[in-house]
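# Per-entry structural report
Next come the chains, spelled out residue by residue.
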Amino acid sequence: MYQLQIKKIFISVIILLTTFTLVADELSESISRFINNKPTGLSYEIDQEKLYSSKVLQQFYQNRNYAPAWINYKAPIWINTNVPPWINASSPVRLNSDSPAWIESDIPVWINSNVLQKNGYVLLDYIRQAARHGLNAADYHLFLLEKYIGKTAFFMAMDTEDMMKLDVLLTDAFLILGLHLYYGRVDSEKEGESWTIQRKEPELQLNRKLEEALTAGDIANGLNMLAPRYRSYWMMKKDLAFFIELENEPWPAIVSDTTINPGQSNQLLPKIRKRLVKLRYPLSNEVSATYDEELGKQLKFFQKDWGLNADGVIGKGTLLALNTKPNALINRLKVNMERFRWLPLNEPRKYLMVNIVSFDLVLIDGIDTLISMRAIVGKDYRETPVFDARMTYIVFGPSWTVPPTILKNDVIPELRKGPEYLIKKNMKLLRHNGSEIAYDEIDWSKITRNNFPYMVRQGPGPENALGKVKFMFPNSYNVYIHDTPTRGYFARDDRAMSSGCIRVEKPFELAELLLADSPEWPPEKIHTAMQQSREQTASLKTPVDVLILYLTAWTDGNGRVQFRKDIYTRDELILNALNQKPKTEKIKIIPF
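## What to know about the pattern of salt bridges
Where side chains of opposite charge bring their charged atoms close, a pairing between them can arise. Going through the model one piece at a time under the given rule, you end up with 20 salt bridges. The salt bridge involving Glu441 is made with Arg431; its shortest N-O contact spans 3.6 Å. Residue Glu441 is located in the loop between β10 (427–430) and β11 (455–458), and its partner Arg431 is located in the loop between β10 and β11; the two are separated by ten residues in the primary sequence. Given a relative accessible area of 52%, Glu441 falls into the exposed group. Residue class for Arg431 comes out partly exposed when judged on its relative accessible area of 29%. With its nearest N and O atoms 2.8 Å apart, the salt bridge here joins Asp483 to Arg487.

## Some details on the sheet that holds β10
Taken in spatial order, the three strands line up as β9-β11-β10 in an open sheet, and their pairing is antiparallel. Edge positions in the sheet fall to β9 (400–401) and β10, since each has one partner strand and no second. One ladder, built from two bridges, connects β9 with β11; its direction is antiparallel. Counted as the bridge partner of Trp400 is Gln458 from β11.

## As for empty space enclosed by the protein
Where empty space is left can be seen by rolling a probe of water-molecule size over the atoms. Under the criterion given, the structure shown has one cavity of 30 Å³ or more. Phe243, Leu279, Arg280, Tyr281, Phe302, Asp305, Trp306, Leu329, Val561 and Phe563 together form the lining of the largest cavity. When residues of the lining of the largest cavity are traced back to their parent elements, those giving at least two are α11 (293–305) and β18 (561–563). In terms of residue class, the lining of the largest cavity is made up of eight nonpolar, no polar and two charged.

Cut-offs and rules
Residues numbered from 1 in each chain as written. Predicted model: local features only at pLDDT ≥ 70, side-chain atom pairs only at ≥ 80, totals over all residues. Heavy atoms only, no water. Salt bridge = Lys/Arg side-chain N within 4 Å of Asp/Glu carboxyl O. Helix = DSSP H or I, 4+ residues; strand = E, 2+ residues; numbered from the N terminus. Buried < 20%, exposed > 50% of the residue type's maximum accessible area, 1.4 Å probe, protein only. Pairing = 2+ DSSP bridges. 1 Å grid on protein atoms, 1.4 Å probe; cavity = no way out; pocket = protein on both sides within 12 Å on 5 of 7 lines; lining within 4 Å. Points joined across faces, edges and corners; volume = space filled by probe spheres on them. Nonpolar A, V, L, I, M, F, W, Y, C, P; charged D, E, K, R; others polar.

Written as structure tokens, this is what we have:
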């Protein structure tokens, strides 16, 4: 009886191994039929779910002669037999094609078959954790993948059709996930609200990237290399995972009618302490109702991380930030990780960056921040655009040609009142050929905001709107960085006050750093040039990349997550787009 049972199992194994060789060929044929029989003009579908790629999917499988990419078709499949109740398998081993043997237990015996190769399980795990990239795992066929892989987990038979579907689904999932990591999940030009930073890299050949990752046996790294290579992005990924862990925790509002100052006692302080600890601001005492020095230190860190006045006073703004629920912070991180995916893939070596939302400018060289300063940006109805350019020269003692929008809305109404405005502002009226025209030569009764045929230019001097220096990076928006005669605005927390250009707090120090490699421009000469009443231009020996960004969340160089107010109310549009199902026609991949 025992020998008969063993013989049956060996026969079953031989039959199945022989059968599987045939199944491998059938699987390739099944993939070929699926790829080549798609009706023209329609998308591929599996179980009524549309696939995202068409030409690239087709090209990928054609290049490999329709061999499966993810299925372990050289291994035996699961079989089922009943272990006789009189067999005692005290030393279980796993059955395989080389040395079939019993496994432990008096339950059914299965010959172990890893239907999916390691690459497939790695991709599946990556998709399951897509939320850590701020992406939705359901967009990458997770439900169907779990359905078919679940068959192996529950010892259900998989036929050739099932394995074909699993292989194609995984391929399509890699292609769309790789696309989203590289280009972004949504259309930056549509949902980005005037985001015009363009990638410098050529079009992405994702089928080649997939083949390389499969060959290397490193799917995770293949996908990671498609994601932004900015340090902040990967730190944000960790911060996002942290806030996802907090998402379902209770987050009751902390409400106070009065401000709480250092040294005071207040019954709300234990709640505030616990909230800070939850948000990773360490405190040795979570229950004290007294505002001590340790609490003040951590609270100032918190206020600074939220772009608040770091005075340690617990007022309305600080409580509003503390009460922001983890889900809102998750959404903000998701939106801004998407914005990072719109940036050029690699971080520039040396660049000047303005974050509109945080009202600041930094000059970065490698991992070093050379200078940081406050900035004034466009008002909510004269928004500073998002773009990139290259700074090539600096103008000291600049004149200012009034841009059309400011001319129409601000200057012409003043000019119609009389010539005093021109005198006060040191301005001249110019024809478009550059010649000057006197105020009295114009019939102002016929002039309106919409038919003014002249230019207005302000000469260098203490009242010039550009201050003593402007930093030039040619762009279609006519936006640049400049000094300002109005210095008091830099003391404000909300500095959305300009007409679109960027005013900076430390123009002399910035000019000094940008010209540091130009011996002909020592600091003394820069200072003198800034005091003169004539224009003088200094070309940069090393042009500097300029990034004008809009980020309401990021992680800084010290590893501290930063949150800022959405001053132009752009986040919601991107968040809504992230939550929409991807559209197949938006794929930008080209075959090789």
